Amino acid sequence: MQKRNQTKGFVLVATKRLSFFKAGCYLAETILDYMPDANITLFTEQQFIDDPVLQKDLLPFDKVLPTIADTNREKMYGMANTPYDITMYLDVDMEVTHEDIVTIWDQLEDNDLKFVNLTREGAKHFAEWSWGPNQLDDGWQGTPDHLAHCGGVCLYKSSNPLTLEFMQDWYVLFLKQRIGEWSPKEFDYIKTGNFRQWDQLTLWWLIYHSPKYKKLKWSFFKENYRWNYYTSFGLPWSEKNPYCDKYPIVTHYSSGLDKYGKRGLLLL
Amino acid sequence: MKKEWKHPFWENAAKDRLTVRLNITHEDGSFSTSVAKVSKFDESGKITEDYNEVLTQNPIERIDKFTEERLERHKQQREANIKKNKEKQETKRLEELFNFKLQAFEIPEIKSSTNRVLKSKIRKSRNVVELNAYAVILLTEELNAKKEPN
């Protein structure tokens, strides 16, 4: 039997606000600037899909699919329902800024999941990061006491049913976690901060504590922050800096943008 | 009363004026602490008692060391502040640029243009001047194209 080619594509998810929808459409265009044949699926709310004014914005996508709810964490639903065999998920407050994006599919290697490592070096730029002494940056090999995996960028082998179940569990467990219906014993050790508000804590649990997903192979991107360069790092792209040896491939506006206030994307 | 002179450093290159923390344990057991300025000479040119006391408790080498460490600490703080301010400015610049790009694509002529090359150049702009320049070129082309049928 002839093996069919694996489909590869990007998944973006935009809910809640028109500004996120617009940013997602813009991100898709920046992907196409460097990868004109890229497949891109947008998961968004039905109200945006049906809006006649927004139809032109949807042109860069090969698929536009509705989310099942309008929470701000529909991204995991989108990730679980990707139409591709290999998927690159990106948060919408990003843009592709370098032609090396074309190497994305080679980055997966023999992994099921690939993440950006949130290091101690970058920790001051994240709202919450650690609750204990064990940190991967120190060479720690066990379960780290910090949110090591960024949920904003994820390359994954979606042809593996277990990976899709992982995404689905991430979605469902986070929604339960947020309303206090799910709190595994490993969370009891976290005595500081307000980590239960983050989907990255759910991700941390699934990766390090869920027996079901021990089989999944994961690793961090070799050029790490180049795949998720936070503008709050505040360093010029033109030169080598502590976060990035080369010009960033994906630039992320998350940390500095006032998503819920009057600045930032809401200018639209 | 017990006087302890702690962490003295020279205030000037002539090394005749010191800043020092003075801890006093009083007769009744109470404790007070303050930052004191100590001059080497009094008005008549004699070496002061406080100065001698400071030097008895803190050899010159130690005072020199405290002074050097303090200078280095301040230098590092100044450099860190400069770096932090630069980072903030750059972050702000990048975010504003991103927002300007999003706004440019809300201009109907730019949004509906099929000139992918110029639209891509707008998106790839690395500063506002570049962004504006490409936006104007694209707008001009689109407006001229609208005029042509006449």
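This is a predicted model, so every value here is computed, not measured.

Asker: Break down the overall build of chain A for me, with residues and values.
Answerer: Of regular secondary structure, chain A possesses five helices and ten strands. Relative to its length of 268 residues, chain A is compact, with a C-alpha radius of gyration of 18 Å against a globular reference of 18 Å. With the principal axes as the frame, chain A shows a C-alpha extent of 50 × 45 × 45 Å. Each of the 268 residues in chain A was classed as buried or not, and the buried ones make up 59%. Once local pairs closer than 6 in sequence are excluded, the contacts in chain A between residues at least 24 apart make up 70%. When the accessible surface of chain A is totalled, it reaches about 11,600 Å², and 50% of it is carbon and sulfur. Across chain A, the 30 positively charged side chains and the 35 negatively charged ones have centroids separated by 3 Å.

Asker: Before we move on, can you summarise helix 4 (residues 116-124) of chain B with the specific residues and values?
Answerer: If you check which residues of helix 4 of chain B are buried, you get B:Leu118, B:Lys119, B:Ser120, B:Ile122 and B:Arg123. On its buried side, helix 4 of chain B packs onto helix 1 (18-34) and strand 5 (94-96) of chain A together with helix 2 (60-104), helix 3 (108-112) and helix 5 (128-147) of chain B.

Asker: Account for the interface of chain B and chain A, with residues named and values stated.
Answerer: Between chain B and chain A, the contact holds 20 residues from the first and 30 residues from the second. A buried area of about 2,300 Å², summed over both sides, lies between chain B and chain A, and 59% of it is on carbon and sulfur atoms. Across the chain B-chain A interface, the total number found is seven salt bridges. The shortest N-O distance in the salt bridge between B:Lys111 and A:Asp57 comes to 3.2 Å. Linking chain B to chain A there are eight residue pairs in polar contact (both at pLDDT 80 or more). Counting residues per element, the ones that place at least two in the side of chain B that touches chain A are helix 2, helix 3 and helix 4 of chain B. Broken down by element, the residue count for the side of chain B that touches chain A peaks at eleven residues, all from helix 2 of chain B. When its residues are assigned to classes, the side of chain B that touches chain A shows four nonpolar, five polar and eleven charged.

Asker: So what about the confidence of the model for chain A? Which residues, and what values?
Answerer: Across chain A, the average pLDDT comes to 89, with 91% of residues at or above 70. Residue range residues 260-264 of chain A is modelled with pLDDT below 50. Its contacts to residues more than four positions away, or to other chains, number ten contacts.

Asker: Quick one: what's the story with the nonpolar core, residue by residue and with numbers?
Answerer: Residues and elements named next belong to chain A. Among the nonpolar cores identified, the biggest contains 47 residues, and Phe 10, Met 88 and Leu 90 are the most heavily contacted of them. Secondary structure elements with two or more residues in this core: strand 1 (8-14), helix 1, strand 2 (40-44), strand 4 (86-90), strand 5, strand 7 (149-157) and strand 9 (229-230). Sort the elements by how many residues they give to this core and helix 1 lands first, with eight residues. Judged by nonpolar contacts, the second largest core, of 37 residues, contains Val 13, Trp 131, Leu 173 and Leu 203.

The rules behind each value
Residues numbered from 1 in each chain as written. Chains lettered and ligands numbered in written order. Predicted model: local features only at pLDDT ≥ 70, side-chain atom pairs only at ≥ 80, totals over all residues. Heavy atoms only, no water. Helix = DSSP H or I, 4+ residues; strand = E, 2+ residues; numbered from the N terminus. Rg over C-alpha atoms; globule rule 2.2 N^0.38 Å. Buried < 20%, exposed > 50% of the residue type's maximum accessible area, 1.4 Å probe, protein only. Contact = heavy atoms within 4.5 Å. Areas by Shrake-Rupley, 256 points an atom, 1.4 Å probe, with all protein chains shown as cover. Lys, Arg positive; Asp, Glu negative; His and termini not counted. Charge placed at Lys NZ, Arg CZ, Asp CG, Glu CD. Buried area = accessible area lost by both parts, 1.4 Å probe. Salt bridge = Lys/Arg side-chain N within 4 Å of Asp/Glu carboxyl O. Polar contact = N/O pair within 3.5 Å; in protein donor to acceptor, adjacent residues only side chain to side chain. Nonpolar A, V, L, I, M, F, W, Y, C, P; charged D, E, K, R; others polar. pLDDT = per-residue confidence, 0-100. Core = buried A, V, L, I, M, F, W, Y, C linked by side-chain atoms within 4.5 Å.

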